[in-house]
Amino acid sequence: MQGFVLISVYVIDELAIGPKEKKMKCTSLTEVRTQIDVLDKQLIALLAKRQGYVTQAAGFKTDAAAVPAPERAAAVIEQAKTEARLVGASPEVVEAVYRAMIGAFIAYEHELLARRSV
């Protein structure tokens with residue numbers, strides 16, 4: 001069990017973002033881009049996981065009017081901006097990314113509902 005705890009702490013530490021992050025100092029633009037590509041793969045995997053939950057959420061909604069949920073979207077965006085500040089990310093960038101992501105998932109949910117009613 002102790003090995004699991006040590007591995008868990010290591011993984012959590014490696015996933016940390018912000019001031020505590022062990023930032024790799026890149027020595028070239030190619031190296032920077034390689035690191036960004038690694039992060040992008042992780043982001044895509046997380047988006048796929050989020051899409052799975054969005055798909056489940058759509059299953060609970062009976063009509064298109066239930067999809068946007070503006071109160072929920074606003075709360076998610078505010079929470080993301082708060083988290084951004086805590087980890088040293090730009091709240092403005094995070095907000096823009098979240099607005100785009102939420103908009104895309106709303107369109108995805110509408111598509112799922114439309115297919116279901118055919």
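Remember, predicted model here, so these are calculated numbers, not experimental data. (Residues numbered from 1 in each chain as written. Predicted model: local features only at pLDDT ≥ 70, side-chain atom pairs only at ≥ 80, totals over all residues. Heavy atoms only, no water.)

Participant: Let's hear about the overall build of the protein: which residues, and what values?
Facilitator: Each helix and strand counted, the protein has four helices and zero strands in total. Looking at the 118 residues of the protein, the share that counts as buried comes to 19%. (Helix = DSSP H or I, 4+ residues; strand = E, 2+ residues; numbered from the N terminus. Buried < 20%, exposed > 50% of the residue type's maximum accessible area, 1.4 Å probe, protein only.)

Participant: Run through the packing of helix 2 (residues 29-60) against helix 4 (residues 91-116), naming residues and quoting values.
Facilitator: Interhelical geometry of helix 2 versus helix 4 gives an angle of 45 degrees and a closest axis separation of 10 Å. With respect to their mutual orientation, helix 2 and helix 4 come out oblique. The way helix 2 lies across helix 4 gives a crossing that is right-handed. Contacts between helix 2 and helix 4 pair L47, R50, Q51, V54, T55, A57, A58 and G59 from the former with M101, I102, F105, Y108, E109, L112, L113 and R116 from the latter. Split by residue class, the contact of helix 2 with helix 4 holds ten nonpolar, three polar and three charged. (Axes fitted to C-alpha atoms, helices over the stretch in contact; angles between N-to-C directions. Parallel < 35°, antiparallel > 145°, perpendicular 65-115°, else oblique. Left-handed = near helix turned anticlockwise from the far one by under 90°. Contact = heavy atoms within 4.5 Å. Nonpolar A, V, L, I, M, F, W, Y, C, P; charged D, E, K, R; others polar.)

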